[in-house]
Each structure stands twice: as structure tokens, then as C-alpha cells.
Amino acid sequence: MSDAAVVDNARLRQHTATVLTFVAVAVSYYATGRLGLLQQLVRGQVTPLWPPTGIAVAALLLFGVRVWPGIAIGALAVNIFLGPSVLPVLVIAAGNTLAPLCSYLMLRRAGFHNDLDRLRDALALVFLGALGGMLVSSTVGTGTLVLSGALPSGEFWPTWSVWWTGDAMGVMVVTPFLLVLRRFRWPGDAGLFRWVEGAALVACAVAVTVVATDAQASLLFLVFPILIWAAFRFERAGASCCALGVSLIAILAAGRMVGPFAHRGLLTNMITLQAFNGAVSLTALLLAAVVTEQNRTYQEIKRLCVQLSEKVARQDI
């Protein structure tokens, strides 16, 4: 095979991989968007947790800015069936595409590491990726609905706040889970106790969250010892999985208006839910980053001590 043919084959494989990445991102965005809309609160479009934003930011961090067409296609596919008309749909889809792009650019400029193994990375994801970048989608989306007449102007700020916190929660809860999941490898030498502890952690997280979100009295604080357990013993993988599961169970409880969300208005429930989910994701994300950073420092110190001991031993000989 000639050199030209080899180059052509390499380019073909590269283009094929790019197209498949576009398709995977678009399908994931659309599928999770449709699932997210099952918990819609405002006009069938605004949800307390919007997973596509988390998927979009994670895809950009993992594959680079070249995957933005997949995000745009997925955003358009989700919004095209919601209306109100073609032009507002295009503008909202554009805002949904620009928001994760802004988050990605700010995170990269801040020197973000995908491993989330430093406290500064966790803080950057929260304040730049989630709270900062998602201002774009919420402002563009809500403003478009008001200007198109689909939303009364008096409902701008309530809708904007729900939209913004829903998109931000998607980044804070879903993005860490995907970033950690991509690199997670269960230790090959993990003993039986480790497996039992992992299973016990999952069971406790689910059971405690279900009880806490279904009880009449506010027992949501019971979830946080589980998150601390997950962060200290399983670091980023355990913390991100627990945060995702706890947030989903809380959203379902808020949708059914049970437990702490019973007999309250929409705004009060949203404040309670997003305050709880925000505290959960912050606790899990920041604590796991601190534990990972400390463990890495300990291992580095241990390695240096071993090297120093070996060097001293060789000199004595």
C-alpha cells in the first residue's frame, strides 16, 4: 500500500470517528433531554436538573471543541418539538450550545484537569462550568420565550432562576460522574471487604435518601454522612455516583410532592430542592477532590521517602 493510501485511510478513520462522536453526543443529549423533561416544571421546558448540559460539558472536556455540532444537533432535536415556533427554537438551541462552549473555554483557560483530582478543579467546575457558563442558556432561553410571547414578562425571573439552576445542576451532578466514569478502574487486587463495602455504600445511599425524602419531618441531613463516607473511602468515583443517585431520588420526591416537598408551592419546593442538590454536589465534589489531593500527596511523600532510604542504603554499602 502506498504512502498516499495509508494517509487517506488514516484520514477516513479520523473523519469516521469524528462523525460517530457527533452522533453519540447528539443522541445522548436528546435522550437525556427527553428523560429530563419528564420532570418539567415550567412550560414543558424547564426542569430542576437538565442532564444534557452535563453531557455537553463533559463531551467538550473529553473530546475538544470539535464536538459542538453534536451538541447543537441534540439541542435542536430536543427543542424542536417544544415550540413555540421555528425562530425561537433556533435561538434557544443556540443558547443551549453556547452555554457549554463558554463553560469549556473558561475551564480550559483556568487550567482545569479532567481527573478532578485537585480542589481548584472542583471549584472551577462549580463556579465557571456550572454557575458561570449556564448564565448564557438561561438568559437566552428565558428571554426568547418572553420576546416570542410564549411567556409573560412577569414570569421572567422565576423561569430564569429555575432554568439557570437546572442547567447548573446538570453540570455539577452529571459532568463529574462522566469524567470519573471514563477513567475509573476497579482495583484488580480489591478484596471481598472492598466489594461488600461498596455494595453497602450503594444500599445505604439509596435507603437513606428514600427515607429522608419521603418522611414528613425534614431528614435530608441524614444523607451527608453517606456522602462523606463515599468521598473518604471511594474518592471521586464513590462521591460522584452517590451525588447523582441522591439528586435523582430527591427530584423524584419533589415531583411527587412528598416528604419535605409536601404542601408547598412550586417556588418553595424549587428553593428547597436546589439548595439540597447544590449542597449534595458541593459536599461530594469538593470533599472528594480534597481527599484525592491529600492521598496523592501522601503517596508522593511515601515514594520520596523510599527513594531516599534506598539511596542512603546504597551509600552505606
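Anything mentioned here points back to the structure above.
Attention here is on the structure that accompanies the text. (Residues numbered from 1 in each chain as written. Predicted model: local features only at pLDDT ≥ 70, side-chain atom pairs only at ≥ 80, totals over all residues. Heavy atoms only, no water.)

**Some thoughts on the overall build of the chain**
Regarding its fold elements, the chain presents 10 helices and 0 strands. Judged by the C-alpha coordinates and their principal axes, the chain covers about 85 × 70 × 30 Å. Counting contacts in the chain only where the partners sit at least 6 residues apart, residues at least 24 apart contribute 74% of the total. A total accessible area of about 15900 Å² is found for the chain, and carbon and sulfur atoms account for 69% of it. Distance between charge centres in the chain, computed from 22 positive and 15 negative side chains, equals 4 Å. (Helix = DSSP H or I, 4+ residues; strand = E, 2+ residues; numbered from the N terminus. Contact = heavy atoms within 4.5 Å. Areas by Shrake-Rupley, 256 points an atom, 1.4 Å probe, with all protein chains shown as cover. Lys, Arg positive; Asp, Glu negative; His and termini not counted. Charge placed at Lys NZ, Arg CZ, Asp CG, Glu CD.)

**A look at the packing of helix α3 (residues 68–79) against helix α4 (residues 86–109)**
Two numbers describe a pair of packed helices, the interaxial angle and the distance between the axes. At a closest axis distance of 9 Å, the pairing of α3 and α4 adopts a crossing angle of 140°. Relative to α4, the element α3 is oriented oblique. For the pair α3 and α4, the sense of crossing is right-handed. Contacts from W68, I71, A72, A75, L76 and N79 in α3 reach V89, L90, I92, A93, N96, T97, P100 and L101 in α4. Across the contact of α3 with α4, the residue classes tally to 11 nonpolar, 3 polar and no charged. (Axes fitted to C-alpha atoms, helices over the stretch in contact; angles between N-to-C directions. Parallel < 35°, antiparallel > 145°, perpendicular 65-115°, else oblique. Left-handed = near helix turned anticlockwise from the far one by under 90°. Nonpolar A, V, L, I, M, F, W, Y, C, P; charged D, E, K, R; others polar.)

**Overview of the pattern of salt bridges**
Inspection of the entire model under this criterion finds 5 salt bridges. Residue D117 pairs with R296 through a salt bridge whose shortest N-O separation is 3.4 Å. One end of the pair, D117, is in the loop between α4 and α5 (119–132); the other, R296, is in helix α10 (residues 266–316), with 179 residues separating them in the sequence. R296 gets classed as partly exposed once you look at its relative accessible area, which sits at 37%. Put simply, R194, E197 and R233 are held in one network by salt bridges that share partners. (Salt bridge = Lys/Arg side-chain N within 4 Å of Asp/Glu carboxyl O. Buried < 20%, exposed > 50% of the residue type's maximum accessible area, 1.4 Å probe, protein only.)

**Details of unusual backbone geometry**
The phi torsion at E235 lies on the positive side, around 55°, for a residue other than glycine. For E235, the location among the structural elements is in helix α9 (residues 223–256). For M257, which is not glycine, the phi dihedral falls at a positive 55°. Relative to the helices and strands, M257 resides in the loop between α9 and α10. The exposure class of M257 is partly exposed, given its relative accessible area of 45%.

**With respect to the side chain of T165**
By secondary structure assignment, the location of T165 is in helix α7 (residues 156–183). For T165, the side chain forms a polar contact with the main-chain oxygen of V162, separated by 3.2 Å. For T165, the residues in contact, after removing those within four places along its chain, are P48, M270 and Q274. (Polar contact = N/O pair within 3.5 Å; in protein donor to acceptor, adjacent residues only side chain to side chain.)

**What to know about the packing of α4 against helix α6 (residues 134–147)**
Direction vectors running N to C along α4 and α6 enclose 170°, while the axes themselves pass 7 Å from each other. One way to sum up the angle between α4 and α6 is to call them roughly antiparallel. Contact residues: P88, V91, I92, G95, N96, L98, A99, P100, C102 and S103 in α4; M134, V136, S137, V140, G141, T144 and L145 in α6. In the contact of α4 with α6, the residues fall into 11 nonpolar, 6 polar and no charged.

**Topic: the packing of aromatic side chains**
The geometry of an aromatic ring pair is captured by two quantities: the separation of the ring centres and the angle between the planes. Inspection of the entire model under this criterion finds 4 aromatic pairs. Ring plane angle 20° and centroid distance 5.4 Å describe the contact between W160 and W164, whose orientation is recorded as stacked. With W160 and W164 both in helix α7, this residue pair falls 4 residues apart, about one helical turn. Taking 6.2 Å as the distance between ring centres and 80° as the angle between the ring planes, the aromatic pair formed by F224 and F276 counts as edge-to-face. Of the two residues, F224 is situated in helix α9 and F276 in helix α10; the sequence distance between them amounts to 52 residues. The class for F276 is buried, based on a relative accessible area of 6%. Lying over the aromatic face of F234, R194 brings its terminal NZ or CZ to 4.3 Å of the ring centre. (Phe/Tyr/Trp six-rings, centres within 6.5 Å; stacked < 30°, edge-to-face > 60°. Lys NZ or Arg CZ within 6 Å of the ring centre and 35° of its normal.)

In short, shape yes, function no, at least from these values alone.
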